[in-house]
Protein chains: 2
Amino acid sequence: MADAALFEFLHTEMVAELWAQDPDPGPGVSAGPRGEGGTGRGGKAGRTKGQKMSLSVLEGMGFRVGQALGERLPRETLAFREELDVLKFLCKDVWAAVFQKQMDSLRTNHQGTYVLQDHSFPLLIRMASGLQYLEEAPKFLAFTCGLLRGTLSTLGIKSLVTASVAALPACKFQVVIQRS
Amino acid sequence: MADAALFEFLHTEMVAELWAQDPDPGPGVSAGPRGEGGTGRGGKAGRTKGQKMSLSVLEGMGFRVGQALGERLPRETLAFREELDVLKFLCKDVWAAVFQKQMDSLRTNHQGTYVLQDHSFPLLIRMASGLQYLEEAPKFLAFTCGLLRGTLSTLGIKSLVTASVAALPACKFQVVIQRS
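The following paragraphs examine the structure supplied in this document.

Calculation criteria
Residues numbered from 1 in each chain as written. Chains lettered and ligands numbered in written order. Predicted model: local features only at pLDDT ≥ 70, side-chain atom pairs only at ≥ 80, totals over all residues. Heavy atoms only, no water. Helix = DSSP H or I, 4+ residues; strand = E, 2+ residues; numbered from the N terminus. Buried < 20%, exposed > 50% of the residue type's maximum accessible area, 1.4 Å probe, protein only. Contact = heavy atoms within 4.5 Å. Buried area = accessible area lost by both parts, 1.4 Å probe. Salt bridge = Lys/Arg side-chain N within 4 Å of Asp/Glu carboxyl O. Polar contact = N/O pair within 3.5 Å; in protein donor to acceptor, adjacent residues only side chain to side chain. Nonpolar A, V, L, I, M, F, W, Y, C, P; charged D, E, K, R; others polar. Axes fitted to C-alpha atoms, helices over the stretch in contact; angles between N-to-C directions. Parallel < 35°, antiparallel > 145°, perpendicular 65-115°, else oblique. Left-handed = near helix turned anticlockwise from the far one by under 90°. Least-squares fit on C-alpha atoms with pLDDT ≥ 70 in both. Expected span 1.5 Å × (residues − 1). Bend = angle between axes of the 7 residues up to and from the residue. Core = buried A, V, L, I, M, F, W, Y, C linked by side-chain atoms within 4.5 Å. Phe/Tyr/Trp six-rings, centres within 6.5 Å; stacked < 30°, edge-to-face > 60°.

1. Quick notes on the overall build of chain A
- Each helix and strand counted, chain A has five helices and four strands in total.
- Listing each helix as α and each strand as β along chain A from the N terminus yields α-α-α-β-β-α-α-β-β.
- Put simply, chain A has 180 residues, and 45% of those count as buried.
- Counting only contacts in chain A whose residues sit at least 6 apart along the sequence, the fraction spanning at least 24 positions is 63%.

2. Observations concerning the interface of chain B and chain A
- If you look at the interface, chain B gives 26 residues, while chain A gives 26 residues.
- Summed over both partners, the interface of chain B with chain A buries about 2500 Å², with 74% contributed by carbon and sulfur atoms.
- Sorting the residues of chain B by area buried against chain A places Leu6(B), Leu10(B) and Glu13(B) first, and these three jointly supply 25% of that buried surface.
- One can count two salt bridges joining chain B with chain A.
- Close ionic contact of Arg64(B) with Glu13(A) constitutes a salt bridge, the shortest N to O distance being 2.7 Å.
- Between the two partners, chain B and chain A, sit two residue pairs in polar contact (both at pLDDT 80 or more).
- Elements supplying a minimum of two residues to the side of chain B that touches chain A: α1 (2-21), α2 (49-72) and α3 (83-99) of chain B.
- Among the residues forming the side of chain B that touches chain A, the class breakdown is 17 nonpolar, three polar and six charged.

3. So, the packing of helix α3 (residues 83-99) of chain A against helix α5 (residues 142-154) of chain A
Residue and element names in this part refer to chain A.
- At a closest axis distance of 11 Å, the pairing of α3 and α5 adopts a crossing angle of 125°. On the basis of the axis angle, α3 is oblique to α5. The element α3 and its partner α5 pack so that their crossing is right-handed. Contacts from Val86, Leu87, Leu90, Val94, Trp95, Val98 and Phe99 of α3 reach α5 at Thr144, Leu147, Leu148, Thr151 and Leu152.
- Of the residues that constitute the contact of α3 with α5, the class distribution is ten nonpolar, two polar and no charged.

4. Some remarks on unusual backbone geometry
- Note that the residue after Leu168(A), namely Pro169(A), is joined by a cis bond; omega there is -5°.
- With respect to the secondary-structure elements, Pro169(A) resides in the loop between β3 (159-164) and β4 (171-177).
- Notably, Gln100(A) is not glycine yet its phi reads approximately 55°, a positive angle.
- Structurally, Gln100(A) is set in the loop between α3 and β1 (105-108).
- What makes Gln100(A) partly exposed here is its relative accessible area of 41%.
- We note that His110(B) has phi near 60°; this positive angle belongs to a residue other than glycine.
- As for its placement among the helices and strands, His110(B) is situated in the loop between β1 (105-108) and β2 (113-118).
- His110(B) gets classed as exposed once you look at its relative accessible area, which sits at 68%.

5. Concerning the relation of the copies chain B and chain A
- Expressed as a screw operation, the relation of chain B to chain A combines 0.0 Å of axial shift with a rotation of 180°, fitting to an RMSD of 0.0 Å. The symmetry that links the two subunits is that of a two-fold axis. It is Phe7(B) whose C-alpha, among those of chain B, lies nearest the rotation axis, at 2.9 Å.

6. Quick notes on α3(A)
All names here are of chain A.
- Between its terminal C-alpha atoms α3 stretches 22 Å, which fits the 24 Å expected from 17 residues at 1.5 Å a residue.
- Along α3, the sharpest change in direction is near 35° and occurs at Leu90.
- Along α3, the residues that are buried comprise Val86, Leu87, Phe89, Leu90, Cys91, Val94, Trp95, Ala97, Val98 and Phe99.
- Looking at the residues trailing α3, positive phi occurs at Gln100, about 55°.

7. Focus on the nonpolar core
- Counting 102 residues, the largest nonpolar core has Phe121(A), Leu124(A), Phe173(A), Phe121(B), Leu124(B) and Phe173(B) as its most contacted members.
- Once residues within four sequence positions are removed from consideration, Phe173(B) is found in contact with Trp95(B), Met103(B), Tyr114(B), Val115(B), Leu116(B), Phe121(B), Leu141(B), Thr144(B), Cys145(B), Leu148(B), Thr162(B) and Ala163(B).

8. Let's talk about the pattern of salt bridges
- Tallying each qualifying case throughout the model produces 14 salt bridges over all chains.
- Residue Lys101(A) is joined to Asp104(A) by a salt bridge in which the shortest nitrogen-to-oxygen separation is 3.7 Å.
- Judged by its relative accessible area of 38%, Asp104(A) falls in the partly exposed class.
- Between Glu8(B) and Arg126(B) there is a salt bridge; the shortest N-O distance is 2.6 Å. Of this pair, Glu8(B) sits in helix α1 while Arg126(B) sits in the loop between α4 (122-125) and α5 (142-154); the two residues are 118 residues apart in sequence, bridging distant segments of the chain.
- On the accessibility criterion, Glu8(B) (17% relative accessible area) is buried.

9. Section: the packing of aromatic side chains
- Counted under the stated rule, the structure contains 14 aromatic pairs over all chains.
- An aromatic cluster is present here, built from Phe7(A), Trp95(A), Phe99(A), Phe121(A), Phe143(A) and Phe173(A) joined pairwise through their rings.

Okay, structure coming up:
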C-alpha cells in the first residue's frame, strides 16, 4: 500500500530539507575565529557544525514522534516487568508499526546495553549497497535513534541510542539504559 | 494501527521544526529598510517572509512526496481518459492511502477548476474546532496542497492548488488546471 511508503518518502524529504538548510560552508566560514579551519576537525566524518545540528534536530523529531507513538500503545504494554520485555516489544511491535518488518536480532550484555540489528534497514535500502555511500548513512539513522529513545522514554526507560553501519543496508542500534 | 498515526506525528514535527527555524522577527527587523514595519503588510494574515518561505518549503516537500506516491500507483490508473477521473482518483484512492478516509465532496465548474472539500481534515482535527486557531491553519495545509499538485503532476496534469478554511477542522482545496 502507498501509506507504508508515505513515511519513507516524508522521511527522505525531511532529511534532504534539513541538509539543504545547512550546506557545508567550508573551513573557516564557521562562527569561530577564521584561519583555524581544516578537514577532520571535530568529528570522525569531518561533519560541520550545521550538519551536527541537523542530526540533533532529526533525533529530536524522532524522539517526540517516538513519545507520541509510545502513548498510543495498548495500556497492557505499559505493565512490562522486565527491561528485556520492553526491548523485545520495540524490536517486534514498534518496528512492525513503523517499518512493516521485525528487527533481525537483539543482543544484550545483561548490564543495560542492548544491540538491535537490522540486516536490511528500510531507510537505507534505497541507497546503493556496499561502502561507497557509508558517509551519508548517519543522517538516515538519526530520526530512528530518536524514535527508539522516545518510545523507551514513554515506557519509563531513560536511554542513550546510537547507530552504526558497517555495510549498507544493514545497521545496528545500540541502546544504553541510563540508571538514575 | 500506529502506522497511520506515524505520518500525522511526523507532519506535526515537520511543521513545528520549520516554524521554529523562522520565528517572527517582529515588524521592522526584516531585510527591507527599517521604519516601514507594521502589521498587515504584505499578506492577508500578516505573515513574515520567513513564514512564507516555510510554507513554500512545506509545499515543495508535499509536491515531491506526491510525485513519488504518484509513481507507485498501479499502471492502469495512468490511462485515465478524463481529467475528472483523475480528480476522483485523488479524492478516493490517494486520500485513502494518506489519510485513511475519502474526500467528502468534489465539485467542478467544468472549466478546469475543482473544489475538493473535507469536512474533517485529519491534519486539522487535533486543533480546537471553531475560529480561534484559524490563523494557524495554513501551515497545516501547505504540505497537502503540494501533495495534490505532485500527484497530479505525475499523472500528467499541471495545476495550482490552494487551500482555505472557514471553520476548523473542515477545509477546501481548490485545484486549477493549468492548460499549456
